[in-house]
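As a plain string of letters, each chain reads:
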Amino acid sequence: MTISANIFKPGTTEANAVSPIIWSPDIIKTIYEKAVFPQLGKIDTRQLGVPGRQYNYTLDSAIETGILTPGVATPVQSLSFSNVSVVFYSYGGAVQIDEQQMAQELTSVLDSVNSGAYNSAIVNRDDVISTELYNTTATGVYVNGTTSSTIAATDVLDTKTIVKLDTEMMQTQAGGCKAIVIHPKQAYSLRTDANFIDYSKNPVTAGTILRTGEIGSVGYQGVAVFVSNQITSATENSITVYKAIALGRNNPFVFMPKKNMQFYVEKETERERAYTFSWNEIFGTKILVNDSVVVVTSATGY
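This structure is a prediction, so every number in the text was calculated from the model and none was measured.

(A) Layout of the overall build of the chain. On a plain count of helices and strands, the chain comes out with five helices and 14 strands. Rg of the C-alpha trace for the chain: 28 Å, well past the compact-globule value of 19 Å for 302 residues, more than 25% over. Out of the 302 residues in the chain, the part that is buried amounts to 37%. Long-range contacts, defined here as pairs at least 24 residues apart, represent 76% of the contacts in the chain between residues at least 6 apart.

(B) Quick look at the pattern of salt bridges. If you walk through the whole model with that rule in mind, you get six salt bridges. Between Glu99 and Lys267 there is a salt bridge whose closest N-O contact spans 3.2 Å. Here the residue Glu99 occupies a position in helix α2 (residues 99–104), and Lys267 occupies one in strand β12 (residues 253–267), the gap between them amounting to 168 residues. Residue Glu99 is classed as partly exposed on the basis of its relative accessible area of 27%.

(C) Seen up close, the layout of surface pockets. The computed volume of the largest pocket comes to approximately 450 Å³. Taken together, the elements giving at least two residues each to the lining of the largest pocket come down to β2 (54–60), β3 (81–87) and β13 (274–287). Residue contributions to the lining of the largest pocket peak at four residues, all from β2. Residue composition of the lining of the largest pocket, by class: seven nonpolar, eight polar and five charged.

(D) Highlighting the pairing of β12. Inspection of the sheet shows strand β1 (residues 42–43) paired to β12 by two bridges, in the parallel sense. By the bridge assignment, Lys42 is partnered in β12 with Val254. In this structure, the hairpin formed by β12 and β13 is closed by a connection of six residues, where Arg273 is found at a positive phi of approximately 50°.

(E) Here's a closer look at the side chain of Ser189. Looking at where Ser189 falls in the secondary structure, it is placed in helix α5 (residues 184–191). Here Ser189 falls in the buried class, since its relative accessible area comes to 11%. Side-chain polar atoms of Ser189 contact the backbone oxygen of Leu157, separated by 2.9 Å. In this structure Ser189 touches Val156, Leu157 and Gly301, once residues within four positions along its chain are discounted.

(F) Up close: unusual backbone geometry. Although it is not a glycine, Ser238 sits at a positive phi angle of roughly 70°. Mapped onto the secondary structure, Ser238 falls in the loop between β10 (233–236) and β11 (239–248). The class for Ser238 is exposed, based on a relative accessible area of 73%. Residues other than glycine seldom take positive phi values, yet Arg273 does so here, at roughly 50°.

(G) Structural detail: the environment of Tyr302. Topologically, Tyr302 is positioned in the segment after β14 (293–299). A sequence separation of 57 residues divides Tyr302 from Ile245, and the C-alpha atoms of the two residues are 19 Å apart. Non-local contacts of Tyr302, meaning those with residues more than four positions away in its chain, are made with Lys185 and Tyr188.

(H) Quick look at the sheet that holds strand β4 (residues 89–98). As summarised here, the arrangement of the four strands in space is β1-β12-β13-β4, forming an open sheet in which the pairing is mixed. The open sheet terminates on both sides in strands that have one partner only, identified here as β1 and β4. Across the face of the sheet, helix α3 (residues 108–133) comes into contact with β4, β12 and β13 while running at roughly 20° to β13.

Cut-offs used in this document
- Residues numbered from 1 in each chain as written.
- Predicted model: local features only at pLDDT ≥ 70, side-chain atom pairs only at ≥ 80, totals over all residues.
- Heavy atoms only, no water.
- Helix = DSSP H or I, 4+ residues; strand = E, 2+ residues; numbered from the N terminus.
- Rg over C-alpha atoms; globule rule 2.2 N^0.38 Å.
- Buried < 20%, exposed > 50% of the residue type's maximum accessible area, 1.4 Å probe, protein only.
- Contact = heavy atoms within 4.5 Å.
- Salt bridge = Lys/Arg side-chain N within 4 Å of Asp/Glu carboxyl O.
- 1 Å grid on protein atoms, 1.4 Å probe; cavity = no way out; pocket = protein on both sides within 12 Å on 5 of 7 lines; lining within 4 Å.
- Points joined across faces, edges and corners; volume = space filled by probe spheres on them.
- Nonpolar A, V, L, I, M, F, W, Y, C, P; charged D, E, K, R; others polar.
- Pairing = 2+ DSSP bridges.
- Polar contact = N/O pair within 3.5 Å; in protein donor to acceptor, adjacent residues only side chain to side chain.
- Axes fitted to C-alpha atoms, helices over the stretch in contact; angles between N-to-C directions.

Right under this line is the structure:
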């Protein structure tokens with residue numbers, strides 16, 4: 001038996017009229033990175049919702065105690081202070097949707113807008129903080145004692161480098177290294193290092209809840225290791241390198257919220273027939289102790 005020329009088959013205009021396209025009511029959302037940096041600094045909420053365009057921290061300098069000589073007056077030393085200023089900035093965004101489009105679109109669109117606004121704000125906080133941390137005046141460290149002009153593809157991040165860094169930071173105002181934030185590509189060589197301790201295998205931390213971005217430690221009670229895509233890359237000596245950020249135990253930086261994030265919905269004029277969805281927050285961030293912020297450069301390791 002032959003196929004008739006009048007067969008009703010898919011792909012024709014007539015068939016398409018009775019073969020609907022079905023859309024999922026849910027929108028698969030973009031994955032946003034979770035905040036890593038705020039938890040590693042000083043979160044100071046004293047300026048939240050109160051007047052003030054700038055907040056200053058006062059830092060003192062060391063004074064000394066020494067042996068005294070009989071018959072000689074106690075020598076007088078000078079006092080010295082400095083300050084760090086936190087300036088506040090607004091961050092936010094907006095989208096606009098036509099009134100007719102709102103009436104005919106999937107109900108999950110507004111949920112997607114809300115989710116995107118909240119999560120993009122979190123990513124922005126990490127971006128702003130990491131940008132500030134790269135302004136540190138502390139001398140940076142290159143793996144294996146290399147420099148920008150000698151680093152090679154084999155100079156990958158390892159536990160020995162981090163232990164050495166911790167030792168060196170113990171001899172400064174950093175008081176040691178409490179955490180290091182690395183790029184995912186730096187994490188590869190570190191996680192395959194036999195001396196790297198996965199938190200699930202650490203008897204001190206096994207069973208505890210990891211902080212956001214935390215993957216393990218170097219030493220059972222040593223330096224916590226975090227991963228973030230905010231870590232930047234560069235081209236040095238003709239190879240791609242990554243700039244991890246090591247944070248000391250003594251007040252590396254402050255994150256100071258001024259106004260918590262708020263979400264707004266505004267209807268434009270009746271003639272414009274549109275709704276604007278906007279969000280914003282105000283905060284400031286600043287390095288407090290430069291010795292507590294050290295940039296560590298290595299090859300990709302991946």
